[in-house]
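# Observations on the three-dimensional arrangement
Listed below are the residues making up each chain.
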Amino acid sequence: MSEYPIAIGKPMQFHLNRRSFLATSSVIATAAITPAFAATKGDLKAKARRVVERSMVINGNMLPGFSDPVDDPKFVADVRATGITGIKLSVGGGKASFSDTVGHIGHINKAISEHSHVYMLVRKIDDLMVAKRTGKVGIFYAFEDTGMLEGKVERINYFRDLGVRSMQLSYNGVSPFASGVMSPRPSQGLTDVGRLAVVTMNATGVIIDVSHSDDKSTQAIIDESSKPVMISHGGCAGVNPHPRNKSDIILKTVADQGGVFGLYELAYLTPGLGQQTLADYMRHLTHALKVCGEDHVGIGSDAFMLQFDTSPESMKSWNRSIKERKETGIAAPGEGPPPFVEGLNVPRRAYLIAEELLKHGYSEVTVEKVLGGNFLRVFKETWG
């Protein structure tokens, strides 16, 4: 998904019409692992806090909040309470044009600059280190769709220079480069221009994201790529079969290539249209750890960094955006519930996930890797 607009205004008030935000310019280890111990005693909260505070906490897909006034005490406190070092922010939106995407990047650059006391733009690995040292949240840009490239591989270099460090070769449908999870069958897979795009992204330091790619395209991308790829935000089909969830075969293939899988908080974690629970979330996270190994799993929430506003007005906007996605044919089955897990819809999400992992018996080293160490390793290997 990840086409939610970013609200500039009072903290945690979000406008959720994802199709119109650009047009209106209104938004600125491969083996299975077993838990090493059962954490039944001690202060898990204190231990989780210590782990988060020393970790590079990197979320593979997330939307930051912006505030007016920028120094609103609650907003500042909420951002600092996240414990996050860096996030990947999808820009451009679905079917965005070249010019719209350039404009959107400009809007976000401006918002980050205005909120420089809590945010900073990330263009290289050293910037993530600065973010950790200064207590700011680093933001780096990504594409989920390919409309802004308009089939032109040379634009990968152009947008890379604007700070886009991650790109997908297809969204849910078919692109000039590859096929997404909702593409007609049989899949076209990775095209000739798609192969050229893979080579270009490897050479220019842009990580390839296969979150929305179908199995045929994903396998071809991995075969073509000389560097690790990532699933920045996905779920496990071994827990809940769904087109947006990845099979154990794909998860293992990404891990074997050295990549990383980030777990999202979307409705596809469970069948039906109920809101996802923390128990649902942990079933996927522990499954991914067993399939991929502790060196290849991370967190890619695909949710709001601070909090999803569940007020009636906000839910009305959210439901309208889902209706529009279905009408335009870009929605995946089961869309409806908002993007959050009950128990994680707070700024302190990273602390709560750390605590749950410790509670399930995973070591502090494993928790550090899941919180962001694995994403950091892959970025080091791909950004150059």
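Residues numbered from 1 in each chain as written. Predicted model: local features only at pLDDT ≥ 70, side-chain atom pairs only at ≥ 80, totals over all residues. Heavy atoms only, no water.

Within the largest apolar cluster, 88 residues are counted, with the highest numbers of intra-cluster contacts made by Tyr 119, Tyr 141, Leu 169, Tyr 281, Leu 285, Met 305 and Leu 357. In terms of nonpolar packing, the next biggest core, distinct from the first, is built from 14 residues, Met 56, Ile 58, Val 378 and Phe 379 among them. (Core = buried A, V, L, I, M, F, W, Y, C linked by side-chain atoms within 4.5 Å. Buried < 20%, exposed > 50% of the residue type's maximum accessible area, 1.4 Å probe, protein only.)

Note on placement: Glu 335 falls in the loop between helix 11 (312–328) and strand 16 (341–342). For Glu 335, a relative accessible area of 3% puts it in the buried group. A polar contact is formed between the side chain of Glu 335 and the side chain of Arg 325, at a distance of 2.8 Å. (Helix = DSSP H or I, 4+ residues; strand = E, 2+ residues; numbered from the N terminus. Polar contact = N/O pair within 3.5 Å; in protein donor to acceptor, adjacent residues only side chain to side chain.)

Under the counting rule described, the total for this entry stands at 14 aromatic pairs. Both rings, one in Tyr 264 and one in Tyr 268, keep their centres 5.9 Å apart while their planes meet at 65 degrees; by these two values the pair is edge-to-face. You can call Tyr 264 buried: its relative accessible area is 0%. Positioned above the aromatic ring of Phe 98, the side-chain terminus of Arg 155 is 4.1 Å from the ring centre. Across the ring face of Tyr 351, the terminal group of Arg 348 is positioned such that the distance to the ring centre comes to 4.7 Å. (Phe/Tyr/Trp six-rings, centres within 6.5 Å; stacked < 30°, edge-to-face > 60°. Lys NZ or Arg CZ within 6 Å of the ring centre and 35° of its normal.)

Here we take up the packing of helix 5 (residues 125–134) against helix 13 (residues 364–383). The interhelical angle for the contact between helix 5 and helix 13, taken along N-to-C directions, is 150 degrees, at an axis separation of 10 Å. Of the residues in helix 13, those touching helix 5 at Ile 125, Leu 128 and Met 129 are Leu 376, Phe 379, Lys 380 and Trp 383. (Axes fitted to C-alpha atoms, helices over the stretch in contact; angles between N-to-C directions. Contact = heavy atoms within 4.5 Å.)

This part covers helix 6 (residues 154–161). Along helix 6, the residues classified as buried are Arg 155, Ile 156 and Phe 159. Viewed end-on, helix 6 has its buried residues packed into an arc of 110 degrees, placing them on one side of the element. Pointing more than 90 degrees away from the buried face of helix 6 are the exposed residues Glu 154 and Asp 161. Directly beyond the C-terminal end of helix 6, a positive phi value near 105 degrees is found at Gly 163. (Arc of directions from axis to C-beta.)

Following Asp 68, the chain continues to Pro 69 via a peptide bond in cis, the omega torsion being 5 degrees. Structurally, Pro 69 is set in the loop between strand 4 (66–67) and helix 3 (73–81). Cis geometry is adopted by the peptide bond preceding Pro 186, which originates at Arg 185 and carries an omega value of 5 degrees. Its place among the elements puts Pro 186 in the loop between strand 8 (164–168) and helix 7 (192–204). If you check the backbone angles, Glu 150 has positive phi at about 50 degrees while not being a glycine. Within the secondary structure, Glu 150 is located in the loop between strand 7 (137–143) and helix 6. Judged by its relative accessible area of 43%, Glu 150 falls in the partly exposed class. The phi dihedral of Asp 302 is positive, around 55 degrees, even though this residue is not glycine. Topologically, Asp 302 is positioned in the loop between strand 14 (297–299) and strand 15 (303–304). With a relative accessible area of 0%, Asp 302 lands in the buried category.

What is shown is where atoms sit, not what they do.
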